[in-house]
Amino acid sequence: MIPARLIYKTPVLKILDQRLLPHKTAYMIVRNAAQTAKAIKDMVLRGAPLIGCAAAWGFPLELKACRRPSSWKETLALINSTARVLKAARPTALALFYAADRMRGKAACFIADQKDFSPKKYAVLIRSLEREAYKITEEDRLACARMGELGAGLLKKKSIVLTHCNAGALATMGIGTAVGVITEAHSRNKIKHAYSSETRPYLQGARLTIWELQRSKVPSELITDNMAGHLMKTAGINAVIVGADRIAANGDTANKIGTYSLAVLAAYHKIPFYVIAPTPTIDITLKTGDEIRIEERSSEEVTFINGRLVAPKGVRARHPGFDVTPAGLITAIVTEKGVIRPVNKKTVANNLKHFAFL
Ligand code: MRU
């Protein structure tokens, strides 16, 4: 079992510190929205759906931590500033914006229904925000389970798969997206072998994914990112399975830097390339992936490994955190609502219309 990623116990949120994994299990305690945003920015926690869930908890935390407002107008201003603080943490994952907007909307509706301000009613608002945050985490858990089933259904017996970054339980409140598909397929005896690429520069594959696969007893090996082409050519890989941070209306998909290179390699080797992501990843306001904002992170995350400088002193390094894979390179996108195949504007819109169990 993977340790709990988020534990909300009013008035604090305990966050599993993923920077210390796999060698140490420790929690960071946050008490308000600014601390939650900082934990997201510093990657104490990471992975699109988990970032969204933490941001949701940031709202009740902030209302509890702040001096109580004296009117609903002031309360709404506090809610708006909470949403702003949380949304500024990381730009690419839509789940963060989805959760913050949903929590803001919930509070705004509640406030619109009120007449006189009272401490008792303010406490009711906090409780309703706690319920909404819990609902967001539950929906994520259920979405992961459903995507696991649908994705496992796409794989052949004796599959040899490759995944990138960490789209596992550690990135979600459930079994994960891409890794959830692998573990579900493993439980159906469909996985012969899984490769996890180390994911330079932040090593999510080496520190997190391979650890999850090991704990789930999936036969697996770690590879460096530059081994992918060679192994696609020689090791019989027959599916590449990744998560997503934001998907444009036409299916272009932003995911961890290196995903695009894997998709190009997979196309060359005629290997199916699957993206597994819940619907709060799909941004219908963006026509194509060109409009997705790509996070630029610090060059130290490239020049240092585990606190040790590995490049010459003073060298500058680029660090885009994500890249965009064009829809044409994606065999299928799996959401909790179904399988999108082929991937284009029409099929993406159709998937969103489907009834979900949620
Ligand atoms: O920078 P990270 O570690 O937050 O990036 C994570 C990824 O790119 C994941 O693949 C993505 O968020 C999907 S997680 C289910």
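Here the structure is a predicted model, which is why all the values come from computation and not from measurement. (Residues numbered from 1 in each chain as written. Predicted model: local features only at pLDDT ≥ 70, side-chain atom pairs only at ≥ 80, totals over all residues. Heavy atoms only, no water.)

1. Re the overall build of the chain
Part 1 of the reasoning: Each helix and strand counted, the chain has 11 helices and 16 strands in total.
Part 2 of the reasoning: The globule rule puts the C-alpha radius of gyration for 358 residues at 21 Å, and the 20 Å found for the chain is close to it.
Part 3 of the reasoning: The principal-axis extent of the C-alpha atoms belonging to the chain is close to 70 × 50 × 40 Å.
Part 4 of the reasoning: Counting over 358 residues, the chain shows a buried share of 56%.
Part 5 of the reasoning: Only carbon and sulfur atoms are counted for the fraction: they give 55% of the accessible area of the chain, which is about 16,100 Å².
Part 6 of the reasoning: Taken together, the 53 basic and 29 acidic charged side chains of the chain have centroids lying 3 Å from each other. (Helix = DSSP H or I, 4+ residues; strand = E, 2+ residues; numbered from the N terminus. Rg over C-alpha atoms; globule rule 2.2 N^0.38 Å. Buried < 20%, exposed > 50% of the residue type's maximum accessible area, 1.4 Å probe, protein only. Areas by Shrake-Rupley, 256 points an atom, 1.4 Å probe, with all protein chains shown as cover. Lys, Arg positive; Asp, Glu negative; His and termini not counted. Charge placed at Lys NZ, Arg CZ, Asp CG, Glu CD.)

2. With respect to helix α3 (residues 72–87)
Part 1 of the reasoning: Between its first and last C-alpha, α3 extends 22 Å over 16 residues, near the 22 Å set by a 1.5 Å rise per residue.
Part 2 of the reasoning: Where α3 is buried, its residues touch α1 (33–41), α2 (48–65), α4 (94–112) and α5 (119–154). (Expected span 1.5 Å × (residues − 1). Contact = heavy atoms within 4.5 Å.)

3. Let's talk about the site of the ligand
Part 1 of the reasoning: Every one of the 18 residues lining the ligand counts as a neighbour, but Arg46, Arg90, Gln204, Asn255 and Lys256 are closest to it.
Part 2 of the reasoning: Here an oxygen atom of the ligand and a side-chain polar atom of arginine 46 are 2.9 Å apart.
Part 3 of the reasoning: For the ligand, an oxygen atom lies 2.9 Å from a polar atom in the side chain of aspartate 245.
Part 4 of the reasoning: Protein chains shield 100% of the accessible area of the ligand, which is 410 Å² for the free molecule.
Part 5 of the reasoning: Of all the elements in the fold, those that place two or more residues in the shell around the ligand are α2 and β9 (253–256). (Near = heavy atom within 4 Å. Polar contact = N/O pair within 3.5 Å; in protein donor to acceptor, adjacent residues only side chain to side chain.)

4. What to know about the domain arrangement of the chain
Part 1 of the reasoning: Segmentation of the chain into domains returns domain 1 (6–145) and domain 2 (147–351).
Part 2 of the reasoning: Look at where the C-alpha atoms of domain 1 and domain 2 centre, and you get two points 27 Å apart.
Part 3 of the reasoning: Contacts between domain 1 and domain 2 engage 29 residues on the former and 34 residues on the latter.
Part 4 of the reasoning: With both chains or domains summed, domain 1 and domain 2 bury close to 2,700 Å², and 59% of this area falls on carbon and sulfur atoms.
Part 5 of the reasoning: The largest share of the area that domain 1 buries against domain 2 comes from Thr92, Leu94 and Cys144, three residues that together contribute 24% of it.
Part 6 of the reasoning: Linking domain 1 to domain 2 there are 1 salt bridge.
Part 7 of the reasoning: Residue arginine 90 is joined to glutamate 295 by a salt bridge in which the shortest nitrogen-to-oxygen separation is 2.8 Å.
Part 8 of the reasoning: On inspection of domain 1 and its partner domain 2, the count reaches 18 residue pairs in polar contact (both at pLDDT 80 or more).
Part 9 of the reasoning: For the side of domain 1 that touches domain 2, the elements supplying multiple residues, two or more each, are α2, α4 and α5.
Part 10 of the reasoning: The leading source of residues in the side of domain 1 that touches domain 2 is α5, at 6 residues.
Part 11 of the reasoning: For the side of domain 1 that touches domain 2, the residue count by class is 18 nonpolar, 4 polar and 7 charged. (Domains from an automatic or database assignment. Buried area = accessible area lost by both parts, 1.4 Å probe. Salt bridge = Lys/Arg side-chain N within 4 Å of Asp/Glu carboxyl O. Nonpolar A, V, L, I, M, F, W, Y, C, P; charged D, E, K, R; others polar.)

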